[in-house]
Amino acid sequence: MTDSGARSAMPPPSEGLGRAMSPQRRPFWKRNAPKVPGRSVQASPIRENLKDQKPRKTLSFQDFEDNTSDAWDDAEDEIIALSEAKLSFENLLPVSVNHGKTASTNQASLPQRLEEVTGENTVPVTGDFPSQQASSTGKSEEVSSVSRQKGVGPGVGIRQSIPEDSNTAPAMPPVHVHPPPTVNTRHSEDTTESGDWSVPQSESRPNPPSRLSRQLGRACSDDKSLSEREGAKLKKVNEFIAGPNTDLDALKKMVWSGVPREARPTVWKLLSNYLPANVERRCMMLERKREEYFRFVKQYYPSRTQDNHVETWRQIQVDIPRMNSQLPFFRQSSIQEIYERVLFIWAIRHPASGYVQGINDLVTPFFVVFLSEYTDLDVITEDFDASQNLEEKALNSIEADCFWCLSKLLDGIQDNYTFAQPGIQLKVNALRELVKRIDAPLHAHLEAHMVEYLQFAFRWMNNLLMRELPLRCTIRLWDTYLAEPQGFSTFHLYVCAAFLIKWRKDLLRERDFQGLMLHLQNLPTIHWGDDEIGLILAEAYRLKYMFADAPNHLNQKKPT
């Protein structure tokens, strides 16, 4: 046959596309297709009724649902009902027992029910439990509806075979269904009456570990590795400070990322220049400084009721009961008397500033850290009676150490507490300029809603963020402040900037002055820990590294 003859024998494309496909040429999956989940019902009463009615442009979802047979409808209703029931753990026992009985009954009666439905064409399927394979004789809808009424639902497969025909493909092999292990109902009945029961596990294979157990395992391994790192760091710090002469610069680099709890009292005293670097002189220095403090107490404390000091004394007595009121430890009378003496003696010895509200908060971190030398209990989370668990000598040593370390701290930021507090005003303005440079959208948002930095940052500078952070976070923060050059003055500015940027998304969502101020004065930090403080400090260090030496930064001139 020539090429022209072959082309003439071929039908035109339009004719081949328009011609209807004969039953023998139709693919086998379109001929005598059994009913499967998700396929429209072919002989539905609704569809027959729709033939006589006026056709509609669109069908509602209810019509589509009525015309669709979904094998998971029954199971979905049961799941929704169980989720709304909110059964307790004790109420699940009879449910599991009844479920086991029903499953056993259904499995035992399944062959008989399938024989009633499918007749003699039923062929058993070999598997782990009695299941059936039904051969369809043109009544697939009847088989499906009856099987749902009889309790055969998702999980129990019934495969319908296609009638043998020369033009059809061979039937697919039967599917073996493996049900989940059932509850031993006899054992459950016996143990339910006695109040002690247990569900036997499957003997075929052990249950895989749950997600919670895997998470707990990872958490335990992380805690173990963390404790190993802390132990190694503690050993290194102890060896370092036990040397004949401690290198304070190297010690600051070592503890910038945090001081181990056991070594923190000694490290804080060294970095506050309260203890000398020479080991042999430390004991002698401590005794001399403690004796000197109590000479001050004997000399100045009786004058608290004099006219020239009565106002200072009244303000101290007003502030101390409100300090850390959520912790029972600081409501003890013996602890409050220590605070009164420390604050009054410092105010008398520094007449240029005197006592200013907020200084009382700065004593707390020193007191908690130095207390850890004499007890292993955590006064933040546990009840601790200082008068019964500590000797008077120990309390006196803690009191004197707090006074001298507080004096060293305030010497670097004393202009924060002089008349009109000029140091705080300068730092607030510096914070404003810094935020304007590093986050212009946030700065513009605050300015647009008339929020002044002094309205929320004054407390940040006056109390060194102690009102915004939990006490455990403040202690971790002060580890870095003591290790950082001018940590309580210069570096604190960058920490406040990083702290403000932390909440930028929440602040940008606020659309009025009231919402912004409420959020800034009630920041959600109650659950913070060392990890969150570490991120803030890292960001503050980055800001300092980028902007501290920048030209005209914060209107400061480089020292010549």
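Residues numbered from 1 in each chain as written. Predicted model: local features only at pLDDT ≥ 70, side-chain atom pairs only at ≥ 80, totals over all residues. Heavy atoms only, no water.

S.K.: Explain the overall build of the chain here, please?
M.R.: Counting its secondary structure elements, the chain contains 25 helices and 3 strands. Classification of the 560 residues of the chain by burial places 39% in the buried group. As presented, the chain carries roughly 34500 Å² of accessible surface, and 52% of it is formed by carbon and sulfur atoms. (Helix = DSSP H or I, 4+ residues; strand = E, 2+ residues; numbered from the N terminus. Buried < 20%, exposed > 50% of the residue type's maximum accessible area, 1.4 Å probe, protein only. Areas by Shrake-Rupley, 256 points an atom, 1.4 Å probe, with all protein chains shown as cover.)

S.K.: Please clarify how a nonpolar patch on the surface should be interpreted in this entry.
M.R.: Taken together, the side chains of Tyr541, Tyr545 and Met546 define a hydrophobic patch exposed on the protein surface, amounting to about 390 Å² of accessible area. Looking at where Tyr541 falls in the secondary structure, it is placed in helix α25 (residues 530-547). (Patch = residues over 30% accessible without salt bridge, like charges linked within 9 Å, V, L, I, M, F, W, Y side chains within 5 Å. Salt bridge = Lys/Arg side-chain N within 4 Å of Asp/Glu carboxyl O.)

S.K.: Can you help me understand the pattern of salt bridges in this one?
M.R.: Pairs can form between side chains of opposite charge once their charged atoms are near each other. Scanning the model with the defined rule gives 16 salt bridges in all. Residues Arg264 and Asp479 are paired through a salt bridge, measuring 2.8 Å at the closest nitrogen-oxygen approach. Separated by 215 residues along the polypeptide, Arg264 in helix α11 (residues 264-271) and Asp479 in helix α21 (residues 471-483) bring together distant segments of the chain. Taking relative accessible area as the criterion, Arg264 reaches 14% and is therefore assigned buried.

S.K.: What is the right way to read helix α13 (residues 310-319) from this model?
M.R.: Given 3.6 residues per turn, any residue in an α-helix points the same way as the ones three and four places further on. When we look at burial in α13, the residues that qualify are Trp313, Ile316 and Asp319. Down the axis of α13, the sector holding all buried residues measures 130°, keeping them to one side. Considering only its buried residues, α13 is in contact with α14 (333-349) and α15 (359-371). (Arc of directions from axis to C-beta. Contact = heavy atoms within 4.5 Å.)

S.K.: How do you make sense of the packing of aromatic side chains when you look at a structure like this?
M.R.: How two aromatic rings sit relative to each other is given by the distance of their centres and the angle of their planes. Inspection of the entire model under this criterion finds 28 aromatic pairs. An angle of 40° between the planes, with centres 4.9 Å apart, marks the rings of Tyr293 and Phe403 as tilted. Of this pair, Tyr293 sits in helix α12 (residues 282-300) while Phe403 sits in helix α17 (residues 392-412), placing them 110 residues apart in sequence. Considered together, Tyr293 and Phe403 belong to a single accessibility category, that of buried residues. Through successive ring pairs, a cluster of aromatic residues spans Trp256, Trp268, Phe366, Phe370, Trp478, Tyr481, Phe488, Phe491 and Tyr541. Its guanidinium or amino end placed over the ring of Trp313, Arg304 lies 5.3 Å from that ring's centre, counting from NZ or CZ. (Phe/Tyr/Trp six-rings, centres within 6.5 Å; stacked < 30°, edge-to-face > 60°. Lys NZ or Arg CZ within 6 Å of the ring centre and 35° of its normal.)

S.K.: Any chance you could explain helix α20 (residues 453-462) here in plain terms?
M.R.: All of the buried residues in α20 are Tyr453, Phe456, Ala457, Trp460, Met461 and Asn462. Where α20 is buried, its residues contact α18 (422-438), α19 (440-448), α22 (487-502) and α24 (513-521). Leu464 sits one or two residues past α20 and shows a positive phi near 55°.

S.K.: Explain the side chain of Ser272 to me, please; I cannot follow it from the model alone.
M.R.: Following the sequence through the fold, Ser272 ends up in the loop between α11 and α12. Judged by relative accessible area, Ser272 falls into the buried class, the value being 7%.

S.K.: It is not clear to me how the confidence of the model for the chain should be interpreted in this structure. Could you clarify?
M.R.: Overall, the predicted model of the chain reaches an average pLDDT of 74, with 57% of residues at or above 70. Counted against residues more than four places away or in other chains, residues 71-76, with its pLDDT under 50, gives 5 contacts. Of the regions scoring below 50 in pLDDT, residues 113-220 engages in 106 contacts with residues more than four places distant in sequence or in other chains. (pLDDT = per-residue confidence, 0-100.)

S.K.: Would you mind showing me how to read a negative patch on the surface here?
M.R.: On the surface, Glu230, Glu262, Asp376, Asp530 and Asp531 cluster together to form a negatively charged patch. Within the element layout of this structure, Glu230 appears in helix α9 (residues 211-241). (Lys, Arg positive; Asp, Glu negative; His and termini not counted. Charge placed at Lys NZ, Arg CZ, Asp CG, Glu CD.)

S.K.: What is the right way to read the environment of Cys473 from this model?
M.R.: As for its position among the elements, Cys473 is in helix α21. With relative accessibility at 0%, the residue Cys473 sits in the buried group. Along the sequence, Cys473 and Gly529 sit 56 residues apart, while their C-alpha atoms lie 5.9 Å from each other. Apart from the residues lying within four places of it in its own chain, the contact partners of Cys473 are Trp528, Gly529 and Ile533.

S.K.: When you look at the environment of Leu275 in this model, what are you seeing that I'm missing?
M.R.: For Leu275, the location among the structural elements is in the loop between α11 and α12. Each C-alpha atom, one on Leu275 and one on Met285, is 7.0 Å from the other, the two residues being 10 residues apart in sequence. When residues no more than four places from it in sequence are discounted, the contact partners of Leu275 are Thr266, Lys269, Leu270, Arg282 and Leu286.

S.K.: Can you walk me through the packing of α13 against α14 in this structure?
M.R.: Two numbers describe a pair of packed helices, the interaxial angle and the distance between the axes. Running from N to C, α13 and α14 cross one another at 145°; their axes reach a closest spacing of 10 Å. When you trace α13 past α14, the crossing you get is right-handed. Between α13, through Thr312, Trp313, Ile316 and Gln317, and α14, the contact on the second element is made entirely by Glu340, Leu343, Phe344 and Ala347. Class assignment for the residues of the contact of α13 with α14 results in 5 nonpolar, 2 polar and 1 charged. (Axes fitted to C-alpha atoms, helices over the stretch in contact; angles between N-to-C directions. Left-handed = near helix turned anticlockwise from the far one by under 90°. Nonpolar A, V, L, I, M, F, W, Y, C, P; charged D, E, K, R; others polar.)

S.K.: Explanation requested: unusual backbone geometry in the structure shown.
M.R.: Its identity as a non-glycine residue notwithstanding, Met450 has a phi of 60°, on the positive side. In this structure, Leu464 takes a positive phi of about 55° despite not being glycine. Relative to the helices and strands, Leu464 is located in the loop between α20 and α21.

S.K.: Before we go on, may I ask you to explain the packing of helix α10 (residues 248-255) against α11 in this structure?
M.R.: One can describe the packing of α10 onto α11 by two numbers: an axis separation of 11 Å at closest approach and a directional angle of 130°. As the angle between them shows, α10 and α11 are arranged oblique. You can see that α10 and α11 cross each other, and the crossing is left-handed. The segment α10 lies against α11, with Leu248, Leu251, Lys252 and Val255 engaging Val267, Leu270 and Leu271. Classifying every residue of the contact of α10 with α11 gives 6 nonpolar, no polar and 1 charged. (Parallel < 35°, antiparallel > 145°, perpendicular 65-115°, else oblique.)

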